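# Tertiary structure, described
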Amino acid sequence: MVLPENIGLSATLLLCFVWFLSLMPSVDPNSWDLWWTYDGISGPDFWGMNKKWSHCALGRKQSPIDINPDALLFDPGLEAIQIRGDLLQGKLHNNGRRLELSVPDNASLVITSGPLSYQYSINHIVFHYGREPDRGSEHTINGISFAGEIQLYFYNSQLYHNWSQAAQESNGLAAIAVLIQTPINVVDESGHNFNSQLKKILQATEHIRHRDSHHTLEAIDVRQLLPTLDHYVTYEGSLTEPPCHETVQWIVLNKPIYVTDEQLSIIRNSINIDGDNFRPLQATNYRCVRTNIMRNFNKTFDEVPKIGDNQKNLGKRLCGNKGYVTYKANFKKQTEVL
């Protein structure tokens, strides 16, 4: 195939991709799952070339997004997320794109409440990060990227039999996102900032340095892995990978999880995964992004007016989130981000 001169890089990649498809009149669906990556000709710009993944290119409720503090809608009806169930066991897998912890189908851990109207059972946990410490998270806060992001994915086990069915249906999926931060100082194992569950997962990466390798993990305590379940931002979005189904209720927690640069470098430098593994930001498209984060974090939900208390005042509070809403992270510069 001969390409014209002075053609742009994106156009070149697109033409090459179309030419590649012309050589493959019938493509095995499993080949698509192996084909996609986070950059180049198989990166996010081209995921939508597969007709079954059209949401990746044409969807209006795609994820991730930048969380803009000025656009948040305060909703005092959002209660804390509830978790029920036992410790997790599963297989930590290096699939060549990222780390993923898959759990058995009979895992008993479920989440309810918050923005959720149903019970959701855990399916898998995904780890996103960048090759450099200034990026890695999929969601950003007021334009600020974090070093990484942990995403816990759940499916609606009240309405649907399994993940595959729920992923394509309304109210099918829920995802909890926890941002990863590497501050100047992270205290030791006895300190409150140090996360023992994440350390356990990171230590297991020495067993999965090569693609398609996996290692069994026992007794992961999700409650200890998550820094908070009380305050968060929530919106309707999508899977951040093909097929990009728009069936996910996202819950972005208001506290990051802390790791040291050394711990995060274990993933960056020791595992055979090339480049960044996060999807670029997607347009919000006038979606309602709600939060229960208040300016005064010492207040409890008992102190927040209930929906039936005062409809007039409640309406003002819902539509006018005055003052600062602060994302609770320790930055090198004392900047209020969210």
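The following refers to the structure shown. (Residues numbered from 1 in each chain as written. Predicted model: local features only at pLDDT ≥ 70, side-chain atom pairs only at ≥ 80, totals over all residues. Heavy atoms only, no water.)

### Some thoughts on the layout of surface pockets
Empty space within the largest pocket amounts to approximately 790 Å³. Lining the largest pocket we find 28 residues, and of these D33, W53, E241, P242 and P243 sit closest to its centre. Looking at the lining of the largest pocket, the elements with two or more residues in it are α2 (29-35), β5 (99-102), β7 (120-129) and α4 (163-166). The leading source of residues in the lining of the largest pocket is α2, at four residues. Each residue belonging to the lining of the largest pocket can be placed in one class, and the counts come to 12 nonpolar, nine polar and seven charged. (1 Å grid on protein atoms, 1.4 Å probe; cavity = no way out; pocket = protein on both sides within 12 Å on 5 of 7 lines; lining within 4 Å. Points joined across faces, edges and corners; volume = space filled by probe spheres on them. Helix = DSSP H or I, 4+ residues; strand = E, 2+ residues; numbered from the N terminus. Nonpolar A, V, L, I, M, F, W, Y, C, P; charged D, E, K, R; others polar.)

### Structural notes on the state of the cysteines
A full pass over the atoms with the stated rule returns one disulfide. Paired by a disulfide, C56 and C244 hold their sulfur atoms 2.1 Å apart. Disulfide C56-C244: the torsion about the S-S bond is 95 degrees, which places it as right-handed. A residue pair is termed long-range when its members are at least 10 positions apart, and C56 in helix α3 (residues 55-58) and C244 in the loop between β12 (232-237) and β13 (248-253) qualify at 188 residues. (Disulfide = S-S within 2.5 Å.)

### Describing the pairing of β5
Two elements, strand β4 (residues 88-94) and β5, share four bridges in a ladder whose sense is antiparallel. Pairing of L92 across the sheet is with L101, part of β5. Hairpin connection between β4 and β5: a loop of four residues separates the two successive antiparallel strands, and G96 in this loop has a positive phi of roughly 90 degrees. With four bridges joining them, β5 and β7 adopt antiparallel strand pairing. Directly across from E100, in β7, lies its bridge partner V126. (Pairing = 2+ DSSP bridges.)

### Notes on unusual backbone geometry
With an omega dihedral of 5 degrees, the bond running from S63 to P64 counts as a cis peptide bond. Here P64 shows up in the loop between α3 and β1 (66-67). With phi around 55 degrees, A219 is a residue other than glycine that occupies positive phi space. Note that A219 resides in strand β11 (residues 213-220).

### With respect to the pattern of salt bridges
Evaluated as defined, the whole model comprises six salt bridges. The residue R135 makes a salt bridge to D276 at a minimum N-O spacing of 2.8 Å. In this pair, R135 is assigned in the loop between β7 and β8 (140-141) and D276 in the loop between α7 (261-270) and β15 (290-291), connecting sequence segments 141 residues apart. Owing to a relative accessible area of 23%, D276 belongs among the partly exposed residues under this scheme. By sharing partners, the salt bridges in this structure join R98, E100 and E241 into a single network. (Salt bridge = Lys/Arg side-chain N within 4 Å of Asp/Glu carboxyl O. Buried < 20%, exposed > 50% of the residue type's maximum accessible area, 1.4 Å probe, protein only.)

### Here's the deal with helix α5 (residues 196-203)
Turning to α5, its buried residues number three or more, namely Q197, L198, I201 and L202. Buried residues of α5, seen end-on, are gathered within an arc of 135 degrees and therefore sit on one face of the element. Sitting at the amino-terminal end of α5 is N195, which places a side-chain oxygen 3.1 Å from the backbone nitrogen of Q197. (Arc of directions from axis to C-beta. Polar contact = N/O pair within 3.5 Å; in protein donor to acceptor, adjacent residues only side chain to side chain.)

### Digging into empty space enclosed by the protein
Considering all chains together, one arrives at one cavity of 30 Å³ or more under this definition. Taken as a whole, the largest cavity spans an internal volume of roughly 50 Å³. In terms of lining residues, the largest cavity is bounded by F127, H128, Y129, I180, L198, L202, V259, L264 and I267. Take the lining of the largest cavity: its biggest share by element is three residues, from β7. Broken down by class, the residue content of the lining of the largest cavity amounts to eight nonpolar, one polar and no charged.

### Focus: the side chain of T228
With respect to the helices and strands, the residue T228 is situated in the loop between α6 (222-225) and β12. The exposure class of T228 is buried, given its relative accessible area of 11%. Here the side chain of T228 touches D230 through a polar contact of 3.2 Å, landing on its backbone nitrogen. With sequence-adjacent residues up to four places away left out, T228 is seen in contact with L253, N254 and K255. (Contact = heavy atoms within 4.5 Å.)

### Some thoughts on the packing of aromatic side chains
Across all of its chains, the model carries six aromatic pairs by this definition. Plain terms: the ring middles of W36 and Y38 are 5.4 Å apart, the flat faces sit at 75 degrees to each other, and that makes the pair edge-to-face. According to the relative accessible area criterion, Y38 is buried, its value standing at 10%. Of the aromatic side chains, those joined through ring pairs into one cluster are W36, Y38 and W47. Taking NZ or CZ as reference, R97 lies 3.8 Å from the ring centre of W36, over its face. (Phe/Tyr/Trp six-rings, centres within 6.5 Å; stacked < 30°, edge-to-face > 60°. Lys NZ or Arg CZ within 6 Å of the ring centre and 35° of its normal.)

### Thoughts on the pairing of strand β10 (residues 173-181)
In terms of residue burial, β10 counts as a mostly covered element, since nine of its nine residues are buried. Every second residue of β10 is oriented toward a common face, with L173, A175, A177, L179 and Q181 on one face and A174, I176, V178 and I180 on the other, all of them buried. Relative to β10, strand β9 (residues 148-156) is paired through eight bridges, and the arrangement is antiparallel. Across the sheet, F154 pairs through a bridge with A174, a residue of β10. Alignment of β10 against β13, held across five bridges, turns out to be parallel. Within β13, the residue paired with A175 across the bridge is W250. With two bridges joining them, β10 and strand β14 (residues 257-258) adopt parallel strand pairing. Bridge pairing links I180 to I257 in β14.

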